[in-house]
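Each chain is listed here by its residues.
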Amino acid sequence: DVKVTQSSRYLVKRTGEKVFLECVQDMDHENMFWYRQDPGLGLRLIYFSYDVKMKEKGDIPEGYSVSREKKERFSLILESASTNQTSMYLCASSLPFRQGNEKLFFGSGTQLSVL
Amino acid sequence: AQTVTQSQPEMSVQEAETVTLSCTYDTSESDYYLFWYKQPPSRQMILVIRQEAYKQQNATENRFSVNFQKAAKSFSLKISDSQLGDAAMYFCALVGGSEKLVFGKGMKLTVNP
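Scoring rules and cut-offs
Residues numbered from 1 in each chain as written. Chains lettered and ligands numbered in written order. Predicted model: local features only at pLDDT ≥ 70, side-chain atom pairs only at ≥ 80, totals over all residues. Heavy atoms only, no water. Helix = DSSP H or I, 4+ residues; strand = E, 2+ residues; numbered from the N terminus. Rg over C-alpha atoms; globule rule 2.2 N^0.38 Å. Buried < 20%, exposed > 50% of the residue type's maximum accessible area, 1.4 Å probe, protein only. Disulfide = S-S within 2.5 Å. Salt bridge = Lys/Arg side-chain N within 4 Å of Asp/Glu carboxyl O.

A.B. asks: Could you clarify how one ought to interpret the overall build of chain B in this entry?
C.D. replies: A count of helical and extended segments in chain B gives zero helices and twelve strands. Element order for chain B, N to C, with α for helix and β for strand: β-β-β-β-β-β-β-β-β-β-β-β. Computed over its C-alpha atoms, the radius of gyration of chain B comes to 14 Å, within 12% of the 13 Å expected for a compact globule of 113 residues. Expressed as a percentage of the 113 residues in chain B, the buried residues total 50%.

A.B. asks: Whenever I open this one, the state of the cysteines confuses me. Can you help?
C.D. replies: One way to say it: the disulfide is the covalent bond shared by the sulfur atoms of two cysteines. As enumerated under the stated definition, the model contains two disulfides over all chains in all. With a sulfur-sulfur separation of 1.9 Å, Cys-23 of chain A is cross-linked through a disulfide to Cys-91 of chain A. Where Cys-23 of chain A bonds to Cys-91 of chain A through sulfur, the torsion about that S-S bond is close to -80°, and the disulfide is left-handed. Separated by 68 residues along the polypeptide, Cys-23 of chain A in strand β4 (residues 23-25) and Cys-91 of chain A in strand β10 (residues 87-94) bring together distant segments of the chain. Cys-91 of chain A matches Cys-23 of chain A in its accessibility class, with the two residues each being buried. Through a disulfide, Cys-23 of chain B is tied to Cys-92 of chain B; the S-S separation comes to 2.0 Å. One disulfide, between Cys-23 of chain B and Cys-92 of chain B, carries an S-S torsion of -70° and so falls in the left-handed class. Pair noted here: Cys-23 of chain B is in the loop between β3 (19-21) and β4 (24-26) and Cys-92 of chain B is in strand β10 (residues 88-96), with a separation of 69 residues, a long-range link. Considered together, Cys-23 of chain B and Cys-92 of chain B belong to a single accessibility category, that of buried residues.

A.B. asks: I'm lost on the pattern of salt bridges in this one. Help?
C.D. replies: When their charged atoms lie close together, side chains carrying opposite charge are able to pair. Residues and elements named next belong to chain A. Per the counting criterion, the structure on display carries 13 salt bridges over all chains. With a closest N to O distance of 3.7 Å, Lys-18 and Glu-79 form a salt bridge. Separated by 61 residues along the polypeptide, Lys-18 in the loop between β2 (10-13) and β3 (19-21) and Glu-79 in the loop between β9 (73-78) and β10 bring together distant segments of the chain. Judged by relative accessible area, which is 46%, Lys-18 ranks as partly exposed.

A.B. asks: I tried to follow unusual backbone geometry on my own but got confused; where do I start?
C.D. replies: Peptide bonds are mostly trans, and most non-glycine residues show a negative phi. Backbone geometry places Asp-28 of chain A, a non-glycine residue, at a positive phi of 60°. Among the secondary structure elements, Asp-28 of chain A is positioned in the loop between β4 and β5 (31-38). Given the relative accessible area of 53%, Asp-28 of chain A is considered exposed. Unusually for a residue other than glycine, Asn-62 of chain B sits at a positive phi of about 55°. On the secondary structure map, Asn-62 of chain B appears in the loop between β7 (60-61) and β8 (64-69).

Structure follows, in structure tokens:
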């Protein structure tokens, strides 16, 4: 089975801290995604990557950056954490959809609280 | 830009009855795919059904079927013979050639026994 692993299930940080959220997949997927999920707002795309070292902004990239130095790892970085970044963060990976793929695999999520 | 709109935040249905979840979308791409995902309390996303935009035939998967109206940019999900296990959050999603996958806000479905 495909496994998408997020490094932390729960994380508590202080305002202004630099925060790293790590995501690793073990199925050689080209696509990786970072979403945040908030009640009433659904899943909002922060960044995605369709290949190593490639990254594209999603709908809410402000305050975030990403890194994809290796195919299996996609890191989300909060440069200076703020309270409005308190949220559930979900990482996902997939093969290219344009090749007919339909499966998307999610990690268990990281509940980040910024105090 | 790609957007997905689910205008109904919550719905309920009686067990064994039929319910339809609505979704509209917007995209400038000619080649795209639409999905319905189910998210139970475990938070893992489960694919319910998928539709390729170039296919005119509506996708069907057991008790789940879609009504895909390309001109109207509408993609509704029909659940027949609803079961208690169908209770979950349902998300409509869209991906185009850029591989950018966006979701709607979701809809909470309650199934009453």
